[in-house]
Every structure is written in C-alpha cells, then in structure tokens.
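Here is how the chains run, residue by residue.
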Amino acid sequence: IKELVETGRSSDFENLKTRIPEGVLDMLQIPGLGPKKVKLIYEKLQVKTIDDLEIAAQEGKVAELDGFGAVSPIPAIVADPQSQTVWAGETATF
C-alpha cells in the first residue's frame, strides 16, 4: 500500500497483469462474461483473444463448457454466433 500511495503504482499488480494475456482481460468487457466464465474459457479452451473466442464459439466449443449452452447469458456468442454483440462501445460479429 505504501508503494501505491507514494508512486501511484503497485509492483505486485504489475506482476499480476503480466501473467494474464491482455486479450483475456478484453473478454471481460463482453456482457454476460464475468471473471469465472472468462477463466473457464481461458483454462479449458486456451482462448486468449476475442478472435479466438469467436472461433471457439463458431466451432461449438464454448457451448460444451459447464455453465454455457442454450440457456447461457451470452446467447450471441454461444447460441447464435452470427448475431451482433455490443460491448465497450464497439460492435463485433460472431
């Protein structure tokens, strides 16, 4: 805490950020994808970017994960990969 107050930075936080691929953090901006689901996607499917997520969804791999499928809160990715999903002010086609 002292380092954060004095410098405005935290070396522990910076170390943590380097261990998580940036694309994984980007996935958190997608409505319906929280930390638990992003972690599951990252660990089980080795998905590291939104582009990788799109491919995994189109191949049906995301729908096979526990907590996903027809009743998932992210139907634009799992149930209808061709639909439009909006997040962070941008539109992406899945």
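Calculation notes
- Within each chain, residues carry numbers counting from 1 in the order of the written sequence.
- Per-residue local features are limited, in this predicted model, to residues with pLDDT of at least 70; the limit for side-chain atom pairs, both in listing and counting, is 80 or more; totals at the level of whole chains, interfaces and linings are taken over all residues.
- For the side-chain quantities, the full set of heavy atoms in the structure was used; hydrogens and water were omitted.
- Only runs of H or I of at least four residues qualify as helices and only runs of E of at least two qualify as strands under DSSP, and these elements are numbered from the N terminus.
- Using a 1.4 Å probe on the protein chains alone, a residue whose accessible area is under 20% of its type maximum counts as buried, one over 50% counts as exposed, and one in between counts as partly exposed.
- Each accessible area is a Shrake-Rupley result for a 1.4 Å probe, and residues are judged covered by the shown protein chains and nothing else.
- On a scale of 0 to 100, pLDDT captures the predictor's confidence in every residue.
- Contacts are residue-level and defined by heavy atoms, with any inter-residue pair within 4.5 Å sufficient.
- We count a salt bridge whenever a side-chain nitrogen from Lys or Arg sits within 4 Å of a carboxyl oxygen from Asp or Glu.

The next point concerns the overall build of the protein chain. What the protein chain contains, in helices and strands, is 5 helices and 2 strands. Helices and strands in the protein chain line up, N terminus first, as α-α-α-α-α-β-β. In the protein chain, buried positions account for 30% of the 94 residues. Element-wise, carbon and sulfur atoms account for 53% of the exposed surface of the protein chain, whose accessible area totals about 6300 Å².

A word on the confidence of the model for the protein chain. When pLDDT is averaged along the protein chain, the result is 76, and 72% of the positions lie at 70 or above. At the level of individual helices and strands, the protein chain shows its lowest average pLDDT in strand 2 (residues 90-93), which scores 44, and its highest in helix 4 (residues 35-45), which scores 93. Contacts for the low-pLDDT stretch residues 78-84, under 50 throughout, to residues beyond four places or in other chains number 23 contacts. For the stretch residues 86-94, pLDDT sits under 50, and the model shows 30 contacts to residues farther than four places along the chain or on other chains.

Once that is clear, we can look at the pattern of salt bridges. In total, this model carries 4 salt bridges according to the counting rule given. Between Lys-2 and Glu-6 there is a salt bridge whose closest N-O contact spans 4.0 Å. With Lys-2 and Glu-6 both in helix 1 (residues 2-7) and 4 residues apart, this pair spans about one turn of that helix. Among the residues examined, Lys-2 registers a relative accessible area of 61% and is labelled exposed. Between Glu-59 and Lys-61 there is a salt bridge, with the nearest N and O atoms lying 3.1 Å from each other.

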